Structures are given as C-alpha cells and as structure tokens.
Amino acid sequence: MRASAIARAGRLRASLVTLHRALVPAALLLAGCDHGLEPPEAPPVGAIRGTVTYVQDPAQWPRLDSLRDLRFFALPFVPRDTLDLFRDLNQLVFSERLAFYVTGDTFFVDNVEARAYLYSGVAQQFSDNLLDWRPVGLYEGAGGVFLVRAGQVAELAITVDFERPPPFPPSRAAR
Amino acid sequence: MLVLGLCLAPAARAQTGEVRGAVHDEAGAALPGVNVVLEGTTMGAATDAEGRYRIERIPPGAYVVRASAIGFRRERQPATVPLGAVVTLDFVLREVALVEGEVVVTASRREQRFAEAPVSLSVVSPRELEERNVVSLDEALRYVPGVQMADNQINIRGSSGFSFNTGSRVLLLLDGMPLLAPDREGIPYEELPISQVERIEVVKGPGSALYGGGALGGVINLITRDFPEAPETRLRLFGGAYEPVRYAVWRSAWSEADAPRPFGGFTVSHARRFGSRFGGWLSLAYRADEGYTNFRAERDLDAFFKLGWRPQTTLRFALLGGWTWRKSDSFLYWNGLRDALNPGELNFGGAIAKGTNDNQVHLFSVLPSFTHVVSGAFSYALKTRLVAVVIQPLEDDGTPKPVSQGTVGARYGGEAQVNWIPVDGTHVTAGVAGDALLTKSSFFQPKDVPQDARNQPERAVFAQLEQRLFDRLDLVAGLRYDTYEIDTADVARKLSPKLNAALTLVDGLTLRLAYGQGFRVPSLGERFVDNRDFLPIIKNLDLRPEESTSYEVGLRALAPVAGRVLTQADLALFWNGFERLVEPKFIPNEQAFQFVNLTKARIRGLEAAFEAATDDEGWRLGLGYTFLDAHDLTEDRPLVYRSRHLFKAALSGRLFGPLSFGLDFRYASAPERLDSDFSRFVRDAETIGPTKVLDARLGARWRHLGLAVLLKNALEYYYVERPAILAPPRHVIVQLHVDF
C-alpha cells in the first residue's frame, strides 16, 4: 500500500517535471511570438502656411477679457455639433498664437499629417475655460477644403470678422 | 471602548481545567507559533519558542483540540477536561506545501480553515512575496488568478475595469481595518508594510455584507506578522534597471531612454518579544525609481510598527501604525504610440493640460485594536482607525507647494465586534461600525472659490450566523445595514445580505454556494472634483452608490498524494450583476468630463485554478484560468476594459544545491471594447492589446543569506494595463536577503 502510494507520488513528481518542461517552451511560444505594442509608422507630413486678414481695425477688436487666445485651426472633418467637435480632438491642428490688435498676420504649421482638411479657420478662445473657443473666420477657398501633401506646403488665406463670426456648428448649406 | 474592554476583562473567571502540551515536527524539532485551539470555542493559545502551549480556564467537558500552523497539516485530538485538572496533549505536525491547514480570517471575520471558507479565496504567502521581490501591493496581486491590475485599479473577475480614478471597487483591509485613501477612496499601493505582511487574502466577489462600502468586487486583507519567539532582524537590498526600450522611435523622443534606468532600495526590519507579554516589530523601507518613462521618477520612504501587549492570555492590545513619504512624478497619459515615453498634452491650443503631474504625499495611519476572550464561547474586539493623507503639488524645482494648493484628508472611525458560540456548531458574529471621511482639496472646486472640507460620515450594523450541520454542511447568513451621509440633506442607505453554504462531499472535496451583495459609495473625489488642470472635470453631487449582486457555485478539492505531493483545484462559476457603475463621461454642454452613474452590467464566467507542490516545497506549479463574459446592459455591447480570457501560470523548483528558479507567466486577452471619450483627447488611447508577460528568477539561499536575480517581462513584451501608459519594459533586479 505504502509502496504504491510512493510510486504514485513519484509518477506525479515526474509529471510535474514534465509539465515544467512543457510549460517553459509553451510560455516562450506564447510570449515570444511578438513584442506587443510597437510604434506605428510615421504618417507622411507636410505644412500649412497662411495669411489672416482682420475686418476690424485693432481698436474694434474684442476686449482682452474675452480674447484669451487666437489661433489657426484645421480639422479633417466638418463637425456636426459640439459633441462632434470632440469626436477626435487629438486630430486638431493648431498654429502658434496669433498676434492681437493687428490688421493682419501670418502663420506656419509644420509636421501636419498629409491629408484633406475639411474645416479650418481662425478660432478665438473667449474665456479661461480650456474649451471655450469659437470660430471667427473660416478658410473658404475650394469649398473650404484643402489638401496637405507630403513634403509640401499648403497656402491659405483667411478673413476674420469678430462681429460676424461663422455659425457653429456649421450648417450643411453654409459648407 | 478600549477602557470598557479593560473593565470587563477581569470578570472572566470560572471553575476550570487546563490543557497543555508541546508541538513538534516529524524530526522532533519544537514548533513555535503553532495555533492550538479547542474546536467550537474561541479558547486557544500559540506555542512558545520551545513548542509548548497552555490553555487555561477551560470549562470541564469534552473537546477536540486542534493544532495548526502555516505549512503544516493540522492535527486534531479529543480531550476530556475534568474540573481543576491538567490534561497533557502533545502533537506532531507534518509539513505540507499547500494552504490546506492555513487559517484565514477575511471570509467570515473570524479564523477558519482555508478549505472551509464558503467563498472564492486566494492567499498570497510571504514566501511568494519575497521570491518575487514584491515591494508594492499591486505587484503581489498580478500573480493571483482572476485578478488583473489596471494601473491604479484592482480588477477582480472584471469587477472594476478601468474608470480613470474612480475610487476602488475592491476594499482594502490592513489587519481587518479599512485602509482606502481618504481623498479618492483609492488603494495606497506603495504605502503598505509589505515586508511585514504574513499573508494576503483575496476574497473574490462582493463583501459588503460583512465589510460595507467599497467591497463591490472583492476584499483584500493584508495580515501583518505577529511576533517571533526569538529576536529577528531582516535586511533586504535590491537594485536593478529598466532596459532601454527596443524601438529607436521611442528612444529618440526622450534623450534619457538610451541608457538603463535604475531603481533600488532596501527594507530593514526587526521583530522581537519582550518577555511573555509584549512584542513588536519595526520596519523601515526606502525605494528610489528613476522610472522607465519621462516624468515617472519616484522616491518612497516608509516606516511601520506594530506593538502587542497581552496582559493576560485572554486579553490582547495591538497598535499598528505607519508613516509614508512619497515624492513622485505621475505620468498620466502618453504623447501617442509613436512617443510612448513622453507625457502628452491636451491640444486645446492656448492653455495646455499636461499628461503629468508631480506631488509629495504623506500618509499616516494609526490602527489600535483590543481583543478580549471572555469565555470559551464569547469574545469581542474593539478597533479604531485613523488614516490621514497630505498631498502637495510640487514646484518646478521640486519644492512642495503650500498644502492649501493640495489635498488634506482623513478617515477615522472604529468598530466593535462580538463573536459568540451559543452552542457547538453555531457561530454568531455581530458588530457596529462608524467611519467618517473629511477631506479638503484644491481640486474640489474652481480655484477662485474658497475651499470647504467635505465630509461623508458612514454608520453600519452587521450580523452573521454560521451553522454547522451533520458535521459537513456549513450554512452562513449575514446582513449589514449601512448609512452614508452624502451631504447634509441626503443619506444613502443600503442593506447588504449574504448567504453561503459549504458542503464537504468527501474529505478534501467541498462544494460551495454563495450569494452576496456589494456596494460602493462614490468617493469625495468623484463627487466634488472640479478642475481643468489635467483633464477638464466637473463635480457631480447627484452621484449614487454603485451596487453589485453575485451568485457563485464552486468546487474545491484538496488531494494529498502519499504525503509527498499535494494538489489543490478550485472551479467556480459566477454571475455578477452591477447597477449604476460610475464612469467618466464627456458632457458636451459643460465641455468637460463628469463622473456619472452610467452603466448597468452583467459579468458571468468561470474560474479554474490548480496548484501542485511537493511536500518539501521543492517544486510548485500553479495554473489559473478565468473566462469573463462582461456585458454592458445599458448599451447592449461588451463592457469596457474587460478582458475575456485571463491565464496565469507559475512554476518554481529547486535545481541543485542551494539554487532555485521560478517562472511566472500571465496572459490577458485584449479588452473587447474601449472607452471612446478618452480617445477623443489623448492620441492613440484606443491602442490596447493583449498582455503576455513572463517573469523569471534564479535564486540561491545559504543559511542566513539569500541572493536572487529576477528578470521581469523577460521576453520584452510591450503592453498597456490602462490606456495611454506603457507598462514596464524588461527589467532586471538583483536582490540580497540577510536574516539575523
């Protein structure tokens, strides 16, 4: 009785060793097939250069308490509503801050993903809230659509009228 | 309450007898620290350095005396105790490798055998903690079947998922007392005395019927060490480095990524008894980590102590306390998968919210307790707790900013519990508990509004009846009533029942049925945070408690084979329902995130676990598989951030001489669905794949000295445990232990 029990234990011990021998290659196989996440290929990029013309004289610009920031922006889609604007916010392209109280300005945005941009213009941040932005002038050439090609610079011209900002969300007819 | 306990103590006198004896192992060596108890009573004693024990003031009668110790098969002997007589009873315990004879305390708020616990329960032993160089709780839990870590959230059988800094859906206890951080009800992973942990018990499934809020998906109880018979000093040194990442694209974006990133630390502890009545241990640990990503450096220093005083064999005072200091950078989200080692920025133009913050944290805890065994059938325990946290953001030069710009919080409270055995086979546990959270934070309202302290008092009463029938069926019924004062005008009330049954089919084979409910009251952070520094978040005072209901059928088998190899298998089928799960949601009108009660969900599945070990602990194998079918009933689609398959395997063994090795492998399938709101803001946040991680170790032990080399993530697998943060890459650790 005791001998057979010891024999069974011996067989189990041998099984454990066998399992070990099987488990290590299995784990290597499972984990070693790939290295998991890896950086994606860099998308081809181009650049955007633009000029901004302001309808108002500097004296007629909004006061500083409602002019916290002013930037060129471009989106690869036309937002249908506010929620849509945040659908893929990290695809937003922004310029550096534009100068305040001037009659015109220029901007240049480098390393912009090469693709079509369907909705772009100049946006004003009107309070300290990070998300309190409104468009004050849109790029309207070629139906508002422009292409950034790899290694090339897209040229834009935008007119800003603080008193008559384009509607947001943009109406289908307007676009 | 403590004074009351002292006053009552001397009343426990009776006409009695005594049982005494000695406990040895098979080789004849004395075994200190063995628990010797009279079954069906709360009377017992622990053996001293010479293996001797003495149980006094035993009412005359017939008893079964049980001796048990971790790592040994428990033994039972009948004894009849006449009035005024001394009965001598010696035991010889056989060493075992598995946890059959282990005593666990979390399942029923009292000591019981692991094999008889009527719930799914896993135990992490100190040996496992030491071998794997575990320095924080999250590292320990990664190896437990059915448990998945999602950065700062413990996910037991899919209960938590990942919810961006909601409070923990798993309750953390330290020696049975709640220890969730008072500010966000999260788990303070690094601020725990891991080096002094005797074992970690993980209860899978809701535990609110015994423990109240927070135990939505499970309970984790860290049981700290008691005091050794002989003075004991331990020193552990460890150091290592994260290997430079494989991909040049990642390295090129951060200048320091080309060199190994070091980390290291030490733990020193001393434990001893002072005579037969006093004991204590003191532990000091330091850890420095340069981090494997930019803005992830961390320094931790913690000191913990535990003091025990036993003025009589039936009285025990214990005081557990600690202080932790941590200065760290927190990496919140990456700058896309092409730049995974740098924190990102939220691209709103103008003011930029950054994917990192840094702060200094002080955490204090004082946990006194008192236990009085009034008679063989009645005992009570009084416990109080104070956990306080001070968080200060750091200036660019690392200087802490004033506390007024950070967070100050405290959780304080206490509980009283009685354990009563009215007749043999019946066990009643009942008690009351009261806690309060008081937190003041600059994140709780816009900066221009004066800060108010936020309070959330909690009160509870609970009771549990355990009945043993036919010597093989254990029935448990429990009920707890909690009230939470959400604000001065609103009180949340919750009745949490539980029903369990454990039927011993044959020796070593137990069938269990479990039903239980859980709930979690949203943390002060979820309700009151109103801040736009990192992500725009607005408060929600209308948040309601989350609730869960669980049903489980389980089968546990323990099968020793000729005393040489022990096997243990556990199979569980479970169905968990969740109501009003809190998740952050982007609110367009507010242009900000808000924590809202969003989801009704169902998680059903099965879990299978198997362990085998030789009696000399020379070889040990552990396998665990969990299948989860997690469904969002509100949206009728898979629940976010839940893996469908979890698999864990562990193998360790002795090679030759003092050399040993260990391998741990864990796999989690990619979640079926991810949160889309977060992905709107953070580049590539929707990138989350499977987890396949192998850890390997090689160690040698010679007398009081141990040396180990650990290679974590040995196969250099890159993965994320939560969105937009890369998990640690391959890293090597060298560890030296010295025990005096």
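Fair warning: this is a prediction, and the values are worked out from it, not measured in the lab.

About the criteria used
Starting from 1, residues in each chain are numbered consecutively following that chain's sequence as written. Lettering for chains starts from A, numbering for ligands starts from 1, and both go in the order in which the items are written. Confidence filtering applies because this is a predicted model: local features only for residues at pLDDT of at least 70, side-chain atom pairs given and counted only at 80 or more, and all residues used for totals across whole chains, interfaces and linings. Here a helix means four or more residues in a row that DSSP labels H or I, a strand means two or more in a row labelled E, and each is numbered from the N terminus. A radius of gyration in this sense is built from C-alpha atoms; the matching globule rule multiplies 2.2 Å by the number of residues raised to 0.38. Any residue with 12 or fewer other C-beta atoms within 10 Å of its own C-beta is exposed, any with 20 or more is buried, and the rest are partly exposed; the C-beta atoms used are placed from the backbone. Any two residues are considered in contact once their C-beta atoms, placed from the backbone, lie within 7 Å. By convention the nonpolar core is taken to be a set of buried residues drawn from Ala, Val, Leu, Ile, Met, Phe, Trp, Tyr and Cys and joined through C-beta atoms within 7 Å. Two strands pair under a simple rule: DSSP has to find at least two bridges between them. Here an angle of 0 to 180 degrees is reported between the N-to-C directions of two axes, which are lines fitted to C-alpha atoms, with helices fitted over the stretch in contact. Predictor confidence is given residue by residue as pLDDT, running from a minimum of 0 to a maximum of 100.

J.: How would you explain the overall build of chain B if you had to name every residue and give the values?
T.: Helix and strand counts for chain B stand at seven helices and 46 strands. By the compact-globule yardstick of 27 Å for 740 residues, chain B fits well, its C-alpha radius of gyration being 26 Å. Judged by the C-alpha coordinates and their principal axes, chain B covers about 85 × 65 × 50 Å. Of all 740 residues assigned to chain B, the portion counted as buried reaches 48%. A separation threshold of at least 6 residues defines the contact pool for chain B, and within that pool the share at least 24 residues apart is 62%.

J.: So what's going on with the overall build of chain A? Which residues, and what values?
T.: Along its length, chain A carries two helices and nine strands. Buried residues in chain A amount to 24% of all 175 residues. A fraction of 73% describes how many contacts in chain A between residues 6 or more apart in sequence connect residues 24 or more apart.

J.: Can you tell me about the nonpolar core, naming the residues and giving the values?
T.: Ranked by internal contacts, the top residues of the largest apolar core, which has 112 residues, are B:L121, B:I154, B:L172, B:L173, B:V219 and B:I220. Counting residues in each nonpolar core, the second largest holds 22 residues, with A:I48, A:V52, A:V122 and A:I158 among its members.

J.: Pulling in residues and values, what's your account of the environment of B:G406?
T.: Residues and elements named next belong to chain B. Of note, G406 is situated in the loop between β26 (378-393) and β27 (407-420). With 37 residues separating them along the chain, G406 and F443 place their C-alpha atoms 7.5 Å apart. When sequence neighbours within four positions are dropped, the list of residues in contact with G406 reads N359, I391, Q392, P393, K401 and S442.

J.: Tell me about the sheet that holds strand β6 (residues 75-81) of chain B, and name the residues and values.
T.: Residue and element names in this part refer to chain B. The four strands lie next to each other as β3-β2-β5-β6, forming an open sheet whose pairing is antiparallel. Looking at which strands have only one partner, the edges of the open sheet turn out to be β3 (44-46) and β6. Neighbour-to-neighbour, the strand axes of the sheet open up by a mean angle of 20°, direction not taken into account.

J.: Outline the sheet that holds strand β4 (residues 104-113) of chain A, supporting the account with residue identities and numerical values.
T.: All names here are of chain A. Strands sit in the order β4-β1-β9 across an open sheet of three strands; the sheet is mixed. The open sheet has two edge strands, β4 and β9 (153-160), and neither has a second partner. For this sheet, the mean angle separating the axes of adjacent strands, direction not counted, is 20°. Direction of pairing for strand β1 (residues 45-54) relative to β4: antiparallel, over a ladder of eight bridges. Residue T53 lies in a different strand from β4, and its bridge partner there is G104.

J.: Account for the pairing of strand β5 (residues 61-68) of chain B, naming residues and giving values.
T.: All names here are of chain B. Looking at chain direction, strand β2 (residues 35-38) and β5 are connected through four bridges and run antiparallel. Across the sheet, residue L38 finds its bridge partner in β5, namely V65. Across seven bridges, the pairing between β5 and β6 is antiparallel. If you follow A67 over to β6, its bridge partner there is E75.

J.: Outline the environment of B:G264, listing residues and values.
T.: Residue and element names in this part refer to chain B. In this fold, G264 is placed in strand β19 (residues 261-274). On the basis of neighbour counts, which here come to 17 C-beta atoms within 10 Å, the residue G264 falls in the partly exposed class. Taking the C-alpha atoms as reference points, G264 and G689, 425 residues apart in sequence, are found 30 Å from one another. Excluding its chain neighbours within four sequence positions, the residues that come into contact with G264 are F238, G239, G240 and A288.

J.: Help me get a handle on the confidence of the model for chain B, residues and values and all.
T.: Should pLDDT be low for a region, the predicted coordinates there are not to be read in detail. Residues and elements named next belong to chain B. Averaged over all residues, the pLDDT of chain B equals 85, while 91% of them reach at least 70. Across residues 1-14 the pLDDT falls below 50, and counting only partners more than four positions away or on other chains, this stretch makes 17 contacts in the model. Here the complex is predicted with pTM 0.79, and the ipTM for its interfaces comes to 0.79.

J.: For the pairing of strand β40 (residues 645-654) of chain B, give the residues involved together with the corresponding values.
T.: Residues and elements named next belong to chain B. The pairing of strand β38 (residues 619-632) with β40 spans nine bridges and is classified as antiparallel. Bridging across to β40, G624 finds its partner in K648. Strand direction decides the pairing type here: β40 and strand β41 (residues 659-668), joined by nine bridges, are antiparallel. From the neighbouring strand, F647 faces β41, where its bridge partner is Y667.

J.: Tell me about unusual backbone geometry, and name the residues and values.
T.: Residues and elements named next belong to chain B. Backbone geometry at D175 places phi at a positive 50°, although glycine is not the residue there. With respect to the helices and strands, D175 occurs in the loop between β14 (170-174) and β15 (177-178). Residue Y641 is not a glycine yet carries a positive backbone phi of 55°.

J.: Quick rundown of the environment of B:A572? Include the residues and the values.
T.: All names here are of chain B. For A572, the location among the structural elements is in strand β36 (residues 565-587). The exposure class assigned to A572 is buried, which follows from the 24 C-beta atoms found within 10 Å. Each C-alpha atom of the pair A572 and L511 lies 9.8 Å from the other, and the pair is 61 residues apart in sequence. Other than its neighbours up to four places away in sequence, A572 contacts S120, E552, G554, L606 and E607.

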